[in-house]
Amino acid sequence: MSRKTILPNISYDTQRRSYYVTIRRPAPPDGAPRRTTRCYPTLELAIQALDRTGAQEIMIQGGDLEKLTLGQWLTYWLEQIIKPSRSASTVHGYTMIIRNHLSPALGGILLTKLTAVQIQLYLNRMQAEGLCANTVRKHYMLLHNALEHARRQDLVVRNVSAYVTPPSVSAPTHHFYDSETMARLFEILAGTTMEPVVKLAGYLGLRRAEICGLKWNHVDRERKVITIAEARTAVNGRSVNKSTKSRSSIRRLGYAGIADMEELIERLWNQRIEEMERLGDRYEDRGYVVCHDGGLPYQADYLSSRLQRVLSKTELPYVTLHGLRHSFASIANSRNVPLFGISRALGHSTTSTTSRIYMHLFDDTHLSVVQAVGEAVGGAGDPPEVPGPPSPMYGRHA
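The model shown is predicted, which means the values in this text are computed figures rather than measured ones.

Observations regarding the pairing of strand 9 (residues 251-254)
Logical step 1: Only one face of strand 9 is covered, namely the one carrying R251 and L253; the face carrying R252 and G254 has none of its residues buried.
Logical step 2: Pairing between strand 6 (residues 225-228) and strand 9: four bridges, direction antiparallel. What sits directly across from V225, in strand 9, is G254.

Given below as structure tokens:
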């Protein structure tokens, strides 16, 4: 026999290398119980399908709540609470965590029987298997939010994840350029398809998704103002247009006086008009500023990999498209631009967000404090020279 039961209602066919889920539904008043079998390529998808069916029977059709498992609740929470109110990219990220990690590991436990110890052991195991602390913390936050919704709906008495110690957040390492290195990058890419990409990131501090989603109807060529109102990203291999990251990310950025940007925008506009005339109906005008020949927009991952291929042929330090956004912030700070202005230009919700991300670069208060104490204790004479922040040329700050 090629089909073997590996979990309740899930069997594996060794010949077809597929997982079969048996879904049993209660018998109607005048008939026999209904049973259907569905095939899935992975165990994770099979578990998800079984949890979805169980959640529907219990939560929607009024089944026994005492039989509700964590996996069933997570599936219901994702589809009925999260999906209607969150972006497609957020839903996709949550789905991957639940499908590939939480449900296989903890999904079979009854929701009312889940303990803090079980969650703690899960988090520890994820780290031991190689997931970084920040990723494991995302698992914890997802589980905490889902259990908090369960508590509010009186499905559990308390949120047991509140008694768990998640891993500490580790500060990421950011790579960025100083103004001279940025100018060198612009020079190398002048006239190439990557020129507008790096200049939008370097001159204006745009996110990668904002560059891909920028359209001509948000570019005021007369007043020389660009409005950031849309983003374009990939979800499960498919491009998705969405609103910006947050409400504060919607912003107007003027480029008047930056001759390089003024010339670039006009050149891109003229190229678009020329291509539309040359290609006629073959030109797919979707209104994107940064696009392939013929009008089709770029995939965000393509632009990132393209930049790395270019950098690999130069002597410039490593940097990502998002690193050019960090470079924008670094250069602005080096020219004594107020933190509030930098935060607004970057589209951060508060200055504390900007300060947290660029803490080691922006917070040089300690330097002036040490200098003041040195002057007081040392008395007359020139104060000792205080070194500035590490050179962005070598591209690191936390």
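Observations regarding unusual backbone geometry
Logical step 1: Although it is not a glycine, R17 adopts a positive phi angle of roughly 55 degrees.
Logical step 2: With respect to the helices and strands, R17 occurs in the loop between strand 2 (10-13) and strand 3 (18-25).

Re helix 11 (residues 321-334)
Logical step 1: The terminal C-alpha atoms of helix 11 lie 20 Å apart, and with 14 residues this matches the ideal 20 Å at 1.5 Å per residue to within 8%.
Logical step 2: Burial analysis of helix 11 places 10 of its 14 residues in the buried class, the great majority of the element.
Logical step 3: Turning to helix 11, its buried residues number three or more, namely L321, G323, L324, R325, H326, S327, F328, A329, S330 and A332.

Things to note about the pattern of salt bridges
Logical step 1: What the rule picks out here adds up to 16 salt bridges.
Logical step 2: Between D260 and K199 there is a salt bridge; the shortest N-O distance is 2.8 Å. On the criterion of sequence distance, the pair formed by D260 in helix 9 (residues 259-279) and K199 in helix 7 (residues 195-204) is long-range, its members being 61 residues apart.
Logical step 3: Residue classification places D260 among the partly exposed positions, given a relative accessible area of 25%.
Logical step 4: One salt bridge in this structure joins R221 and E266, with 3.0 Å as the shortest N-O distance. In this pair, R221 sits in the loop between strand 5 (219-220) and strand 6 while E266 sits in helix 9, placing the two residues 45 residues apart along the sequence.
Logical step 5: Looking at R221, the relative accessible area reads 28%, which means it is partly exposed.

Some points on the packing of helix 2 (residues 70-82) against helix 5 (residues 133-152)
Logical step 1: Where helix 2 contacts helix 5, the two axes come as close as 10 Å, and the packing angle between them is 85 degrees. When the axis of helix 2 is compared with that of helix 5, the two are roughly perpendicular. Of helix 5, the residues touching helix 2 (which contributes L70, W73, L74, W77 and I81) are L142, L143, N145, A146, L147, H149 and A150.
Logical step 2: The residue inventory of the contact of helix 2 with helix 5, partitioned by class, reads 10 nonpolar, two polar and no charged.

Some words on the packing of helix 7 against helix 11
Logical step 1: Running from N to C, helix 7 and helix 11 point in directions that differ by 30 degrees, and their axes come no closer than 6 Å. Overall, the two elements helix 7 and helix 11 adopt an arrangement that is roughly parallel. Residues V197, V198, A201, G202, Y203 and L204 of helix 7 lie in contact with helix 11, whose contacting residues are L321, L324, R325 and F328.
Logical step 2: Residue composition of the contact of helix 7 with helix 11, by class: eight nonpolar, one polar and one charged.

Digging into helix 12 (residues 339-346)
Logical step 1: Restricting attention to buried positions, one finds in helix 12 the residues I342, S343, A345 and L346. One face of helix 12 carries all of its buried residues, which in axial projection span an arc of 165 degrees. Facing away from the buried side of helix 12, by more than 90 degrees, are the exposed residues F340 and R344.
Logical step 2: At the C-terminal side of helix 12, G347 shows a positive phi close to 80 degrees.

Observations concerning the nonpolar core
Side chains that are nonpolar tend, in soluble globular proteins, to be buried together.
Logical step 1: Within the largest apolar cluster, 44 residues are counted, with the highest numbers of intra-cluster contacts made by Y177, L185, V198, L200, V219, I226 and L324.
Logical step 2: Contributions of two or more residues to this core are made by helix 6 (179-189), helix 7, helix 8 (208-213), strand 6, helix 9, helix 10 (300-311), helix 11 and helix 12.
Logical step 3: When neighbours within four sequence positions are excluded, V198 is seen to be in contact with L185, F186, L189, L307 and L324.
Logical step 4: Within the second largest apolar cluster, 35 residues are counted, among which are M59, I98, A150 and V164.

Concerning the sheet that holds strand 5
Logical step 1: Strand order in the open sheet made by the three strands is 5-6-9, with antiparallel pairing throughout. Edge positions in the open sheet fall to strand 5 and strand 9, since each of these has one partner strand only.
Logical step 2: As judged from the two bridges shared by strand 5 and strand 6, these two strands associate in the antiparallel manner. Bridging from a neighbouring strand, V219 pairs with I226 of strand 6.

Some remarks on the packing of aromatic side chains
Logical step 1: As enumerated under the stated definition, the model contains six aromatic pairs in all.
Logical step 2: Ring geometry for W77 and Y94: centres 5.9 Å apart, planes at 15 degrees, overall stacked. Separated by 17 residues along the polypeptide, W77 in helix 2 and Y94 in helix 3 (residues 88-106) bring together distant segments of the chain.
Logical step 3: Lying across the ring of Y163, R158 places its NZ or CZ 5.0 Å from the centre.
Logical step 4: Its end group placed over the ring of Y288, R232 keeps NZ or CZ at 5.6 Å from the ring centre.

Thresholds, definitions, all that
- Residues numbered from 1 in each chain as written.
- Predicted model: local features only at pLDDT ≥ 70, side-chain atom pairs only at ≥ 80, totals over all residues.
- Heavy atoms only, no water.
- Buried < 20%, exposed > 50% of the residue type's maximum accessible area, 1.4 Å probe, protein only.
- Helix = DSSP H or I, 4+ residues; strand = E, 2+ residues; numbered from the N terminus.
- Pairing = 2+ DSSP bridges.
- Expected span 1.5 Å × (residues − 1).
- Salt bridge = Lys/Arg side-chain N within 4 Å of Asp/Glu carboxyl O.
- Axes fitted to C-alpha atoms, helices over the stretch in contact; angles between N-to-C directions.
- Parallel < 35°, antiparallel > 145°, perpendicular 65-115°, else oblique.
- Contact = heavy atoms within 4.5 Å.
- Nonpolar A, V, L, I, M, F, W, Y, C, P; charged D, E, K, R; others polar.
- Arc of directions from axis to C-beta.
- Core = buried A, V, L, I, M, F, W, Y, C linked by side-chain atoms within 4.5 Å.
- Phe/Tyr/Trp six-rings, centres within 6.5 Å; stacked < 30°, edge-to-face > 60°.
- Lys NZ or Arg CZ within 6 Å of the ring centre and 35° of its normal.

Honestly, that's just the spatial picture; any functional story needs more than this.
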